[in-house]
Amino acid sequence: MATQPDDVLAGLGGGLVARLARKARADRWGLGADQFAAALRRSAAHRFADRLPPAAEVEQYLESLQLEDLALACACARGTESAWEHFVREYRPVILRIAGRGQAADRARDVADSVYADLYGLDERDGARRSLFDYFHGRSTLAGWLKAVVAQRLVDRARAARRLEPLPEDEGSLPGTESGAAFEIEPDRQRFLRLAREALAGALADLEPRDRLRLSLYYAQGMKLAAVGRVLGESEATSSRKLERTRSALRAAIERRLREQDRLTDAQVEQCFEHARTDPAFDLARTLPPPEQG
């Protein structure tokens, strides 16, 4: 049975919400504690949709969120002008850069504009504007979430284009020939993505359990380094250093497999990484399983 949003924060005092709002600098965007509490409630309800957790677990989860990013998203969803100005200044380059990979300039801008429209919330239901920001829960950074949103939008556009492609009149217009290639984001993309996914899965499986747990806490659970360090009994600096070392080891293992097992050239390996940067499947927050309980 799904948890009702109000139930999730029911056991928490108002002092916690007020403290988190201060930590998020929610007042910077004119958000009151009650307005920020709605965003926290939505995030917690999404995280604990299948059960009603103890208050201590909810508090730990809320403490681990990217609170400043969540406050900004909340203010943008409400249409706060200062928040939108900040968002456009800081995140427009991110959206345009991701939308522009493998796309013509006009198509990239079209994709970026469609994302902006959904973020602003041009669609209304029951008199209320619906914003894509409502689906940002603060578990990852806002930049990371936006990259996944734009990458998925590119995939959706490519699939829609293929569905609208007319039936070929002769062999020269069959998919895979020069005329059909325009519907692919980039040649060999699917093959390179498949190889990179397999290499990533193998590299993750080969990690030491403690290193895999550290990655899972940081990415899948969205915990900050200080909290990861407390769980693992190490300092924040040590967690940061070991996390960076693990990331470097993952990349090295992936490169080694792509070169030695899949026989890719250096240029093809670089293409694999380039595709992976814009594909939601390579978001470690999704790829890594949550830490085992016990």
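For the structure itself, consult the block above.
Everything in this summary refers to the structure shown in the same document. Here the structure is a predicted model, which is why all the values come from computation and not from measurement. (Residues numbered from 1 in each chain as written. Predicted model: local features only at pLDDT ≥ 70, side-chain atom pairs only at ≥ 80, totals over all residues. Heavy atoms only, no water.)

1. A closer look at the nonpolar core
By size, the foremost hydrophobic cluster in this structure holds 49 residues, and its most contacted members are F36, F87, L119 and F133. Elements that contribute at least two residues to this core include exactly α2 (14–23), α3 (33–47), α4 (55–63), α5 (67–77), α6 (81–99), α7 (105–120) and α8 (142–164). Element by element, the count of residues in this core is highest for α5, at nine residues. Leaving out residues up to four positions away in the same chain, F133 has contacts with A73, C76, A77, W84, F87, L119, L142 and W145. By size, the runner-up hydrophobic cluster in this structure holds 18 residues, among which are L195, A196, L200 and L250. (Core = buried A, V, L, I, M, F, W, Y, C linked by side-chain atoms within 4.5 Å. Buried < 20%, exposed > 50% of the residue type's maximum accessible area, 1.4 Å probe, protein only. Helix = DSSP H or I, 4+ residues; strand = E, 2+ residues; numbered from the N terminus. Contact = heavy atoms within 4.5 Å.)

2. Points about the side chain of T246
Along the polypeptide, T246 turns up in helix α12 (residues 236–260). The class for T246 is buried, based on a relative accessible area of 3%. Separated by 2.9 Å, the side chain of T246 and the backbone oxygen of K242 make a polar contact. (Polar contact = N/O pair within 3.5 Å; in protein donor to acceptor, adjacent residues only side chain to side chain.)

3. Topic: helix α9 (residues 189–205)
The terminal C-alpha atoms of α9, which comprises 17 residues, lie 24 Å apart, in line with the 24 Å expected from a rise of 1.5 Å per residue. Buried within α9 are the following residues: R189, F192, L193, L195, A196, A199, L200, A203 and L204. Viewed end-on, α9 has its buried residues packed into an arc of 165°, placing them on one side of the element. (Expected span 1.5 Å × (residues − 1). Arc of directions from axis to C-beta.)

4. Side note on the environment of R78
As for its position among the elements, R78 is in the loop between α5 and α6. Between the C-alpha atoms of R78 and G121, which are 43 residues apart in sequence, the distance is 9.4 Å.

5. A short note on the pattern of salt bridges
On inspection of all chains with the given rule, the structure shows 19 salt bridges. Two residues, R194 and E198, come together in a salt bridge whose shortest N-O distance is 3.6 Å. Remark: E198 and R194 occur in helix α9; sequence separation between them is four residues, near one turn of the helix. Since its relative accessible area comes to 41%, R194 is described here as partly exposed. (Salt bridge = Lys/Arg side-chain N within 4 Å of Asp/Glu carboxyl O.)

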